[in-house]
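Architecture at a glance
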Amino acid sequence: MRAQLKYVPTTYNGCMSTVNTLLNVREAAEARKSIRKYSDAVIPESDLREILRIAGLAPSPWNIQPWRVIVVRDHDEKQKLMGAAYGQPQVGAASAVFVIYSDMKEALATADEFIHPGYPEDQRPKVKQSILDNFAKMGDEATERWGYAESNIFLGFLLLAAQSMGYSTSAMLGFDPEQVRALYNLPANATFPALVAVGVGAEEGFPHHRHAVDRFVKFI
Ligand SMILES: Cc1cc2nc3c(=O)[nH]c(=O)nc-3n(C[C@H](O)[C@H](O)[C@H](O)COP(=O)(O)O)c2cc1C
């Protein structure tokens, strides 16, 4: 069953349903704001999967896709996660919370999965070895920093994907990574780009306050 949109922010142009009212990228970027209050509407698993599928279309070097996600929906689990997030209420209030992490060890150990099938069979071992050599040279710490950076692209896609389907989000770095690691028994190398609360928003959020393009861009 579709989530009932009990609250329809005007920025959604009155969209009443979810996947049937896809915003385009520009509309989603304009509409997205951090939302910290949510209605009690439950996002159907099919919509959560679709948000994640779209986010997973994010590009990454060598197609490594180092991002991994735990979707927290259970009430008690959300309460535990809220504790690790310094009590931020949106963690408990949202329909679900995405715990986004990067795990380069696991990604590289399963490299055969991400190497594009378009590579001819005889070239695949060479491609794989050159990727593994590259990260072996970088060392563990830099490799994990790399995975963290790439997983932030996934994060950006995810925020827009959720918005495009009529859902609100709140990205958070206000949490204790060690507590989150312990909660889900994640490996020591995992890094965390963000927690993302997602649900049907119950507030407008703050108007955008952004630099003008000329403040951060030089055309040459
Ligand atoms: C990676 C990331 C982490 C953030 N962490 C928090 C957080 O822990 N708590 C919070 O209330 N807002 C958090 N924010 C929200 C920002 O404060 C917000 O995005 C920014 O002020 C711009 O407002 P807007 O998202 O409404 O456009 C975070 C945003 C991002 C992208």
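Please refer to the structure placed before this passage.
Residues numbered from 1 in each chain as written. Predicted model: local features only at pLDDT ≥ 70, side-chain atom pairs only at ≥ 80, totals over all residues. Heavy atoms only, no water.

What follows deals with the sheet that holds strand 3 (residues 168-172). Pairing in this open sheet of 4 strands is antiparallel, and the strands run 1-2-4-3 from one edge to the other. The sheet is open, and its two borders are formed by strand 1 (67-72) and strand 3, each paired with just one other strand. Averaged over all adjacent pairs, the angle separating strand axes in this sheet is 20°, with direction ignored. Sheet topology places strand 3 next to strand 4 (residues 191-199); 5 bridges connect them, and they run antiparallel. Paired with Met172 across the strands is Leu195, a residue of strand 4. Contacts from helix 8 (residues 140-164) reach strand 1, strand 2 (96-102), strand 3 and strand 4, with the element oriented near 10° to strand 4. Strands strand 1, strand 2 and strand 4 of the sheet are contacted by helix 9 (residues 177-184), whose axis makes an angle of about 75° with strand 4. (Pairing = 2+ DSSP bridges. Helix = DSSP H or I, 4+ residues; strand = E, 2+ residues; numbered from the N terminus. Axes fitted to C-alpha atoms, helices over the stretch in contact; angles between N-to-C directions. Contact = heavy atoms within 4.5 Å.)

Turning to helix 3 (residues 75-84), its buried residues are Lys78, Leu81, Met82 and Ala84. Considered in projection along helix 3, the buried side chains sweep an arc of 155° and stay on one side of the axis. Where helix 3 starts, the residue carrying a side-chain oxygen 3.1 Å from the main-chain nitrogen of Asp76 turns out to be Asp74. Looking at the residues trailing helix 3, positive phi occurs at Tyr86, about 55°. (Buried < 20%, exposed > 50% of the residue type's maximum accessible area, 1.4 Å probe, protein only. Arc of directions from axis to C-beta. Polar contact = N/O pair within 3.5 Å; in protein donor to acceptor, adjacent residues only side chain to side chain.)

Let's shift gears to the site of the ligand. Every residue lining the ligand is accounted for by Arg32, Lys33, Ser34, Arg36, Gln88, Gln90, Ala171, Met172, Leu173, Gly174, His208 and Arg210. Separating a nitrogen atom of the ligand from a backbone N or O atom of Leu173 is a distance of 2.9 Å. Between the ligand and the protein, one listed contact pairs an oxygen atom with a backbone N or O atom of Gly174 at 2.8 Å. Out of a free accessible area of 620 Å², the ligand has 64% covered by protein chains. A breakdown of the residues in the shell around the ligand according to their chemical character gives 3 nonpolar, 5 polar and 4 charged. (Near = heavy atom within 4 Å. Areas by Shrake-Rupley, 256 points an atom, 1.4 Å probe, with all protein chains shown as cover. Nonpolar A, V, L, I, M, F, W, Y, C, P; charged D, E, K, R; others polar.)

Another aspect to go through is the side chain of Ser60. One can find Ser60 in the loop between helix 2 (45-55) and strand 1. Polar contacts involving the side chain of Ser60 include one to the main-chain amide nitrogen of Gln65, which spans 2.8 Å. Setting aside its immediate chain neighbours within four residues, Ser60 contacts Gln65, Pro66 and Trp67.

Considering all chains together, one arrives at 6 aromatic pairs under this definition. The interplanar angle of 70° and the centroid separation of 5.7 Å between the aromatic rings of Trp62 and Phe135 together place this pair among those described as edge-to-face. Taken as a pair, Trp62 in the loop between helix 2 and strand 1 and Phe135 in helix 7 (residues 124-138) lie far apart in primary sequence, 73 residues in all. What makes Trp62 partly exposed here is its relative accessible area of 40%. A centroid spacing of 6.0 Å and a plane angle of 85° characterise the contact between Phe175 and Phe192, whose relative ring orientation is edge-to-face. With Phe175 in the loop between strand 3 and helix 9 and Phe192 in strand 4, the pair connects residues that are 17 residues apart, well separated along the chain. Taken together, the ring pairs in this structure connect Trp62, Phe135 and Trp146 into an aromatic cluster. (Phe/Tyr/Trp six-rings, centres within 6.5 Å; stacked < 30°, edge-to-face > 60°.)

These values are about where atoms sit, not about what they do.
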